[in-house]
Amino acid sequence: MIKVDKPKDVARDLCANYGITLSADNLSRLAEIMEPMKLLRGKTTVVEGDVCKYLFYVTYGLVLQYYKRDDITVTENIVHEGEIITCIESFFKQEPSTMNLITLEPSVLFAIPHDKLYELAGTSYEFCRLIFSIEQRMLIQSQQRACVIRFDTAKERYLRTMKENPEIIRRAPLHHVASLLQITPETLSRVRNQVNMELY
């Protein structure tokens, strides 16, 4: 049975993971707007064309961000416990999303509503710093992924992901990992076998 933590504990964990300290009062205010979602595998939380109204903080499970091109699923991101995922452009601009979000495992997410978060930001600089920290990490991660795809070989991409985010390698389906690394499943299988032989 999946445990759903108390919102205040989750808010504290979120702030710690994103390097932000909130006052006790502001921590309580953040917890009050966080909406727990207990989801089965394969549950979609954002559909292309809809406006993404939430940041989703993952406390349990695995979430895939993807888009469709010519009926092909292209993986944009995969996150697990301790990370926030959202459709960035849609959330911050409040425009229709080009992305989809779906759970790859039974998951617990805490949804943080856009409007309520920005209302809090209008009352305290601490919340502005929290939003900035979330945006900053997402932008840095996006740029790092782009650099990896542009300059690293398939083997280097796999090794980097295995080092920096081993949970994705361990838990995500092979075809989603391959798509994330922008290589074919066959290439990923070959690289993985080669790395395993070198390690063991």
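Residue positions within a chain follow its written sequence, with the count starting from 1. Per-residue local features of the predicted model are confined to residues with pLDDT of at least 70, and side-chain atom pairs are confined, for both listing and counting, to 80 or more; whole-chain, interface and lining totals are unaffected and use all residues. In computing side-chain values, all of the structure's heavy atoms are included and hydrogens and water are not.

Caption draft 1: Spatial organisation of the packing of helix H6 (residues 154-164) against helix H9 (residues 185-199). Put simply, H6 and H9 touch, their axes get as near as 10 Å, and they point 65 degrees apart. In terms of axis orientation, H6 runs roughly perpendicular to H9. For the element pair H6 and H9, the recorded crossing hand is right-handed. Residue-level contacts link Ala154, Lys155, Tyr158, Leu159 and Met162 of H6 to Thr187, Leu188, Val191, Arg192, Gln194, Val195, Glu198 and Leu199 of H9. The axes are straight lines fitted to the C-alpha atoms, using for helices just the contacting stretch, and the angles between their N-to-C directions are given from 0 to 180°. Numbering goes from the N terminus for both helices and strands, where a helix is a DSSP run of H or I of at least four residues and a strand is a run of E of at least two. For classification, angles of less than 35 degrees are called roughly parallel, those exceeding 145 degrees roughly antiparallel, those between 65 and 115 degrees roughly perpendicular, and all remaining angles oblique. Rotating anticlockwise by less than a right angle from the far helix to the near helix defines a left-handed crossing, while the corresponding clockwise rotation defines a right-handed one. By definition, residues are in contact when any of their heavy atoms lie within 4.5 Å.

Caption draft 2: Structural view of the side chain of His176. Considering the arrangement of structural elements, one finds His176 in helix H8 (residues 174-181). Judged by relative accessible area, His176 falls into the buried class, the value being 10%. Ignoring any residue separated from it by four or fewer positions in sequence, one finds His176 in contact with Leu64, Thr73, Thr75, Ile78 and Leu104. Burial classes: relative accessible area under 20% of the type maximum marks a residue as buried, over 50% as exposed, and values in between as partly exposed (1.4 Å probe, protein chains only).

Caption draft 3: Geometry of the layout of surface pockets. A 1.4 Å probe that fits into a set of points on a 1 Å grid over the protein atoms alone but cannot get out defines a cavity; an open set with protein on both sides within 12 Å along at least five of seven lines defines a pocket, and lining residues are those with an atom within 4 Å of a point. Grid points are joined across faces, edges and corners, and a volume is the space filled by probe spheres set on the points. Here the largest pocket is characterised by a volume of approximately 530 Å³. If you trace the largest pocket, you find 18 residues lining it, with Gln141, Gln144, Arg145, Glu164 and Asn165 closest to the centre. Broken down by secondary-structure element, the contributors of at least two residues to the lining of the largest pocket are strand S5 (72-79), helix H5 (125-151), H6 and H8. The leading source of residues in the lining of the largest pocket is H5, at five residues. Each residue belonging to the lining of the largest pocket can be placed in one class, and the counts come to seven nonpolar, six polar and five charged. As a volume, the second largest pocket reaches approximately 290 Å³. What lines the second largest pocket is a set of 20 residues, among which Gln65, Thr86, Cys87, Ile88 and Glu89 lie closest to the centre. When residues of the lining of the second largest pocket are traced back to their parent elements, those giving at least two are S5, strand S6 (84-85), helix H3 (88-93) and H5. The leading source of residues in the lining of the second largest pocket is H5, at four residues. Just so you know the grouping, Ala, Val, Leu, Ile, Met, Phe, Trp, Tyr, Cys and Pro go in nonpolar, Asp, Glu, Lys and Arg go in charged, and all remaining residues, Gly too, go in polar. When the residues that make up the lining of the second largest pocket are grouped by side-chain class, the tally is eight nonpolar, eight polar and four charged.

Caption draft 4: Examining the side chain of His114 more closely. For His114, the position within the fold is in helix H4 (residues 114-121). In this structure His114 comes out as buried when scored by relative accessible area, which is 11%. Sequence-distant contacts of His114, that is, excluding residues within four places in its chain, are made with Lys53, Phe91, Phe92 and Gln94.

Caption draft 5: Representation of the sheet that holds S5 within the structure. Within the open sheet, the four strands sit side by side as S2-S7-S4-S5. Their pairing is antiparallel. At either end of the open sheet lies a strand with only one pairing partner, and these are strand S2 (44-46) and S5. Taking the axes of each pair of neighbouring strands and ignoring which way they run, one obtains an average angle of 30 degrees across the sheet. A strand pair is defined by DSSP finding two or more bridges across the two strands. The sheet contact formed by strand S4 (residues 63-69) and strand S7 (residues 100-103) spans four bridges and is antiparallel. By the bridge assignment, Tyr66 is partnered in S7 with Asn100.

Caption draft 6: Representation of the packing of aromatic side chains within the structure. What counts as a ring pair is set by centres within 6.5 Å for rings of Phe, Tyr and Trp (its six-membered ring), and what kind of pair is set by the plane angle: stacked under 30 degrees, edge-to-face over 60, tilted for all other angles. All chains considered together, the criterion is met by two aromatic pairs. Considering the side-chain rings of Tyr54 and Phe56, the 5.9 Å spacing of their centres and the 40 degrees angle between planes classify their relative orientation as tilted. Judged by relative accessible area, Phe56 falls into the buried class, the value being 2%. Ring centres of Phe91 and Phe92 lie 5.0 Å apart, and the angle between their planes is 85 degrees; on these two criteria the pair is classed as edge-to-face. We call a charge positioned above a ring when the Lys NZ or Arg CZ atom is no farther than 6 Å from the ring centre and deviates by at most 35 degrees from the ring normal. Over the ring of Tyr18 we find Arg137; its NZ or CZ atom is 3.9 Å from the centre of that ring.

Caption draft 7: Region of interest: helix H1 (residues 7-17). Buried within H1 are the following residues: Val10, Ala11, Leu14 and Cys15. Down the axis, H1 shows its buried residues gathered within 135 degrees of arc, on one side only. Against helix H2 (24-33), strand S3 (54-60), S6, strand S8 (107-113) and H5 lie the buried residues of H1. Of the residues one or two after H1, Gly19 is the one with positive phi, at around 70 degrees. It is the directions from the helix axis to the C-beta atoms that the arc portrays.

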